[in-house]
Amino acid sequence: MSSEYHLAELNIARARYENDDPRFKDFVDMIEPVNQMAERMPGYVWRLVDDDGVGTMDIKAFDDPRLLVNLSVWEDLDSLLTFVNKTVHARVMNRRKEWFAAMESHHLVLWWVPAGHQPGLAEARARLEQLDRNGPSAEAFTIGKFYGPDGLEVAFNVTIDT
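Because the structure is a prediction, the values reported are computed rather than measured.

Participant: How should the overall build of the protein be read in this particular structure?
Facilitator: Summing up its helical and strand segments, the protein has four helices and seven strands in all. Seen in sequence order, the protein has helices and strands lined up from the N terminus as β-α-β-β-α-α-β-β-α-β-β. Computed over C-alpha atoms, the radius of gyration of the protein comes to 15 Å, within 12% of the 15 Å expected from 2.2 N^0.38 for 162 residues, which places it in the range of a compact globule. Dimensions of the protein, computed from the C-alpha atoms along their principal axes, are close to 45 × 35 × 30 Å. Here the protein holds 162 residues, and 45% of them are scored as buried. A separation threshold of at least 6 residues defines the contact pool for the protein, and within that pool the share at least 24 residues apart is 73%. Only carbon and sulfur atoms are counted for the fraction: they give 48% of the accessible area of the protein, which is about 8,900 Å². Taking the average location of the 17 positive side-chain charges in the protein and that of its 27 negative ones, the two points are 6 Å from each other.

Okay, structure coming up:
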């Protein structure tokens, strides 16, 4: 994998509850430890945070006030998947149907950025919209249809419960 490029990811989720709803408490309580774990992971580069510096619960990137965003940058897919599947984050994934409604469109988009670049929400939204409009391509792709920094599709067998 080229060290000239890093892997950006945006994922969105529609919360079933308001942030202060007791049914959402377990999720809200996990945000800080999960984000702290991410920052300690090999391959972690950067993540978007709101004014409290912990998460992105207060960032409203879409018209829907319950649509939560996560935007981060990783050195490569292996680093991202290790964090998602082999850390405390897996506990969040296992309970996501309890906290989040099903999405009608893509909820995850990946794309390569030059090393050192921190993508903004406008860029991330544009990539997600491109994926929804055109399907996976070298500019906006998924884990299931992944492209390398060279723009070529990468064939590998990976499973992730998204």
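Participant: Would you mind showing me how to read the packing of aromatic side chains here?
Facilitator: Centre distance and the angle of the planes are the two values used to describe a pair of aromatic rings. Inspection of every chain in the model, using the stated rule, returns ten aromatic pairs. With centroids separated by 5.8 Å and ring planes inclined at 80 degrees, the aromatic side chains of Phe-24 and Phe-100 adopt a geometry described as edge-to-face. Here Phe-24 is found in the loop between strand E1 (5-15) and helix H1 (25-40), whereas its partner Phe-100 is found in strand E4 (residues 100-101), with 76 residues between them in sequence. Phe-100 shares its class with Phe-24; the two are buried.

Participant: Looking at this structure, I do not really get the pairing of strand E5 (residues 108-114). What am I missing?
Facilitator: Every regular strand shows the same layout, with side chains that alternate between the two sheet faces. Burial analysis of E5 places six of its seven residues in the buried class, which makes it a mostly covered element. One ladder, built from seven bridges, connects E1 with E5; its direction is antiparallel. Considered in E5, the bridge of Ala-8 is made with Trp-111.

Participant: Would you explain a negative patch on the surface in this entry?
Facilitator: Together, Glu-32, Asp-51, Asp-52 and Asp-58 line one region of the surface with negative charge. Mapped onto the elements of the fold, Asp-51 is located in the loop between strand E2 (44-47) and strand E3 (67-74).

Participant: Got a minute to help me understand the nonpolar core in this structure?
Facilitator: Nonpolar side chains in soluble globular proteins tend to be buried together. In terms of nonpolar packing, the biggest core is built from 32 residues, with Leu-7, Phe-24, Phe-27, Phe-100 and Leu-110 touching the most fellow members. Mapped onto this core, the elements with two or more residues apiece are E1, H1, E3, helix H2 (77-86), helix H3 (89-99), E5 and strand E6 (146-147). Counting residues in each nonpolar core, the second largest holds 19 residues, with Ala-8, Phe-62, Val-73 and Leu-128 among its members.

Participant: It is not clear to me how the packing of H2 against H3 should be interpreted in this structure. Could you clarify?
Facilitator: A packed helix pair is summarised by two numbers, namely the angle formed by the two axes and the spacing between the axes. Two numbers describe how H2 lies on H3: the axes approach to 5 Å, and their chain directions differ by 65 degrees. The angle between H2 and H3 falls in the class roughly perpendicular. Across the interface between the two elements, Phe-83, Val-84 and Asn-85 of H2 pack against His-89, Ala-90 and Met-93 of H3.

Participant: Is there a simple way to think about the side chain of Glu-9 in this case?
Facilitator: Mapped onto the fold, Glu-9 is located in strand E1. Arg-47 provides the closest opposite charge to the buried, salt-bridge-free Glu-9, at an N-O distance of 9.4 Å. Looking at Glu-9, its side chain comes within polar contact range of the side chain of Asn-11, at 2.9 Å. Within the local environment of Glu-9, its side chain forms a polar contact with the side chain of Ser-72, the two groups lying 2.6 Å apart.

What counts as what
Residues numbered from 1 in each chain as written. Predicted model: local features only at pLDDT ≥ 70, side-chain atom pairs only at ≥ 80, totals over all residues. Heavy atoms only, no water. Helix = DSSP H or I, 4+ residues; strand = E, 2+ residues; numbered from the N terminus. Rg over C-alpha atoms; globule rule 2.2 N^0.38 Å. Buried < 20%, exposed > 50% of the residue type's maximum accessible area, 1.4 Å probe, protein only. Contact = heavy atoms within 4.5 Å. Areas by Shrake-Rupley, 256 points an atom, 1.4 Å probe, with all protein chains shown as cover. Lys, Arg positive; Asp, Glu negative; His and termini not counted. Charge placed at Lys NZ, Arg CZ, Asp CG, Glu CD. Phe/Tyr/Trp six-rings, centres within 6.5 Å; stacked < 30°, edge-to-face > 60°. Pairing = 2+ DSSP bridges. Patch = residues over 30% accessible without salt bridge, like charges linked within 9 Å, V, L, I, M, F, W, Y side chains within 5 Å. Salt bridge = Lys/Arg side-chain N within 4 Å of Asp/Glu carboxyl O. Core = buried A, V, L, I, M, F, W, Y, C linked by side-chain atoms within 4.5 Å. Axes fitted to C-alpha atoms, helices over the stretch in contact; angles between N-to-C directions. Parallel < 35°, antiparallel > 145°, perpendicular 65-115°, else oblique. Polar contact = N/O pair within 3.5 Å; in protein donor to acceptor, adjacent residues only side chain to side chain.

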